[in-house]
Amino acid sequence: MKTLEVRLPGKEYMIEIGSGTLSQAGRTVRSVARGNKAALITDKTVDAIYGDMVRQSLKDEGFDLFTVLVEPGEGSKSMGVYSEVCERLLEGGLTRKDIIVALGGGVVGDLAGFVAATVLRGVDFVQIPTTLLSQVDSSVGGKVAVNLNAGKNLAGAFHQARAVVIDTDCLETLPDRVFSDGMAEVIKYGAIEDAGLFQRLSTLGGRPGVMSEIEDVVYTCVDIKRRIVEADEKDEGGRMVLNFGHTLGHAYEKSGGYSRYTHGEAVAAGMVLIAKIGEETGMTRKGCTDQLRSIIRMYGLPESIDIGLEEYAKAVGVDKKAEGSMINLIFIEDIGKAVIRKMDTGSLMEFIGRVE
Ligand SMILES: NC(=O)c1ccc[n+]([C@@H]2O[C@H](COP(=O)([O-])OP(=O)(O)OC[C@H]3O[C@@H](n4cnc5c(N)ncnc54)[C@H](O)[C@@H]3O)[C@@H](O)[C@H]2O)c1
Ligand SMILES: [Zn+2]
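Residues numbered from 1 in each chain as written. Chains lettered and ligands numbered in written order. Predicted model: local features only at pLDDT ≥ 70, side-chain atom pairs only at ≥ 80, totals over all residues.

1. Structural notes on the overall build of the protein
Along the backbone of the protein there are 14 helices and 11 strands. Put simply, the protein has 356 residues, and 49% of those count as buried. Partitioning the intrachain contacts of the protein with sequence separation of at least 6 by distance along the chain shows that 74% fall at a separation of at least 24. (Helix = DSSP H or I, 4+ residues; strand = E, 2+ residues; numbered from the N terminus. Buried ≥ 20, exposed ≤ 12 C-beta atoms within 10 Å, placed from the backbone. Contact = placed C-beta atoms within 7 Å.)

2. Points about the pairing of strand S5 (residues 99–104)
Extensive coverage of S5 is indicated by the burial of 6 of its 6 residues. Neither face of S5 is left uncovered, since the one carrying Ile 99, Val 101 and Leu 103 and the one carrying Ile 100, Ala 102 and Gly 104 both have all their residues buried. Sheet topology places S5 next to strand S6 (residues 124–129); 6 bridges connect them, and they run parallel. By the bridge assignment for S6, Leu 103 is matched with Ile 128. Between S5 and its parallel partner S6, the chain crosses via helix H4 (residues 106–118), and the hand of that crossover is right-handed. (Pairing = 2+ DSSP bridges. Right-handed = clockwise from strand over helix to strand, strands pointing away.)

3. Here we look at the domain arrangement of the protein
Partitioning the protein into structural domains gives domain 1 (2–172) and domain 2 (176–355). Domain 1 and domain 2 are separated by 27 Å when their C-alpha centres are compared. Taken together, the contact pairs 23 residues of domain 1 with 23 residues of domain 2. Mapped by element, the contributors of at least two residues to the side of domain 1 that touches domain 2 are strand S1 (2–6), strand S2 (13–18) and helix H5 (132–138). (Domains from an automatic or database assignment.)

4. Observations regarding the packing of helix H6 (residues 176–193) against helix H9 (residues 214–231)
Look at H6 against H9: their axes get within 10 Å of each other, and the N-to-C directions meet at 55 degrees. The pairing of H6 with H9 is recorded here as oblique in orientation. Remark: the crossing between H6 and H9 carries left-handed chirality. Of the residues in H9, those in contact with Val 186, Tyr 189 and Glu 193 of H6 are Val 217, Cys 221 and Ile 224. A breakdown of the residues in the contact of H6 with H9 according to their chemical character gives 5 nonpolar, no polar and 1 charged. (Axes fitted to C-alpha atoms, helices over the stretch in contact; angles between N-to-C directions. Parallel < 35°, antiparallel > 145°, perpendicular 65-115°, else oblique. Left-handed = near helix turned anticlockwise from the far one by under 90°. Nonpolar A, V, L, I, M, F, W, Y, C, P; charged D, E, K, R; others polar.)

5. Remarks on the nonpolar core
Membership of the largest hydrophobic core comes to 110 residues, with the highest contact counts inside it found for Ala 38, Ile 100, Val 101 and Leu 111. A total of 10 residues in this core trace back to one element, the largest contributor, which is helix H11 (residues 263–281). Each of domain 1 (2–172) and domain 2 (176–355) gives at least three residues to this core. Filtering out sequence-adjacent residues up to four positions away, Leu 111 remains in contact with Val 70, Ser 76, Lys 77, Val 81, Tyr 82, Val 85 and Val 146. (Core = buried A, V, L, I, M, F, W, Y, C linked by C-beta atoms within 7 Å.)

6. As for H6
Between its terminal C-alpha atoms H6 stretches 26 Å, which fits the 26 Å expected from 18 residues at 1.5 Å a residue. Within H6, 15 of the 18 residues are buried, which leaves it mostly tucked inside the rest of the structure. (Expected span 1.5 Å × (residues − 1).)

7. With respect to the site of ligand 1
What surrounds ligand 1 is a group of 28 residues, the closest being Thr 45, Gly 105, Gly 106, Thr 131 and Ser 138. Here the residues of the shell around ligand 1 are counted per class, giving 9 nonpolar, 12 polar and 7 charged. (Near = placed C-beta within 6 Å.)

8. Considering the sheet that holds strand S9 (residues 163–167)
Read across the sheet, 7 strands follow the order S1-S2-S9-S6-S5-S3-S4 without closing on themselves; strand pairing throughout is mixed. Edge strands, defined here as strands with exactly one partner in the open sheet, are S1 and strand S4 (64–70). Taking each pair of neighbouring strands and ignoring which way they run, the sheet shows an average axis angle of 15 degrees. One ladder, built from 5 bridges, connects strand S3 (residues 37–43) with S5; its direction is parallel.

9. Regarding helix H3 (residues 79–91)
Residue pairs three or four apart in sequence face the same way in an α-helix, which turns once every 3.6 residues. The end-to-end C-alpha distance of H3 is 18 Å, a good match for the 18 Å that 13 residues give at a rise of 1.5 Å each. Those residues of H3 lying buried are Tyr 82, Val 85 and Leu 89. Buried residues of H3, viewed axially, fall in a sector of 65 degrees; they line one side. More than 90 degrees from the buried face of H3, the exposed residues found are Gly 80, Glu 87, Leu 90 and Glu 91. Residues of H3 that are buried make contact with S3, S4, H4 and strand S7 (143–148). (Arc of directions from axis to C-beta.)

The structure is reproduced here in structure tokens:
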């Protein structure tokens, strides 16, 4: 097992990464818990595979435990489910010194984290992420949220976990598409920060290769996220580099009604397009786009998604009548080196039209 410490003043916490950490999760929760009651929040799919193991481990530590189950899927990141979960926690007798344990992918982590940030004006929580995306991305950094009709993640908070327990064995049971989804973020870390990681992913060649070195791959990604979050917890500057591929990816997600493409598929195509634009403007070294394309293909993700210019315009906030406004875009100068650049949305649209 490897560990990392996130050093945020007054909110330091440990991240454990390894094979089999799930069966020891109770010990970790015990080491940060102030009370004796624990509420396990998980979705039905994850509960069926891993629920009993985590419950046993919490009971072994003497916790008075109850479980709150939600349906799997993005639909559970809603105000309706949020309030139901809060009610269930209070019925279960949760108090301010007790602890919430979030077991599942990013949906459960974001929902349970937002519940933890707000119920009783905030209680402690521990993240046990079970998807690749949640292990390398959403469980670290303290962003928690639910969706509103007005858009995704629009009701949220910054609420850091007290600990994160990452069991890489959980990834064995992921469907291929969900694994690939997470790989888009892994590729992103290589592209923005770590040329060595990027090269390694291309050598590993696919899911079996990555799984043979998974502890190290997840550690490398989490360490990058940790560094970025420590430097800019509230997303006011450097943390923006994590959005590489995401602005254009958002256009694909939106055009597919947030269901046709996974987040990772959209981000993969978004990274390729912004790299193309980067090459066109001279900001990105020629050849980076092809390197991205080949690795994206290797991990079962799309290099492009076909949508109309109108769809891009909607997603980047261009109004036909309005003047173009400046937005922050993340480019790479080379593999492993991200930069933040302002561009007006009008020019962005022109470039999209030119390279698409
Ligand atoms: N907070 C952040 O910083 C942040 C960052 C990125 C993404 N997110 C959010 O994360 C969410 C997506 O998370 P996700 O991709 O983990 O999706 P998810 O939580 O919906 O999980 C995907 C599916 O896999 C199932 N599953 C989970 N673990 C499993 C396992 N080990 N074996 C088999 N099946 C398993 C789930 O039941 C679900 O059906 C989005 O809502 C997104 O907004 C948040
Ligand atoms: Zn993402």
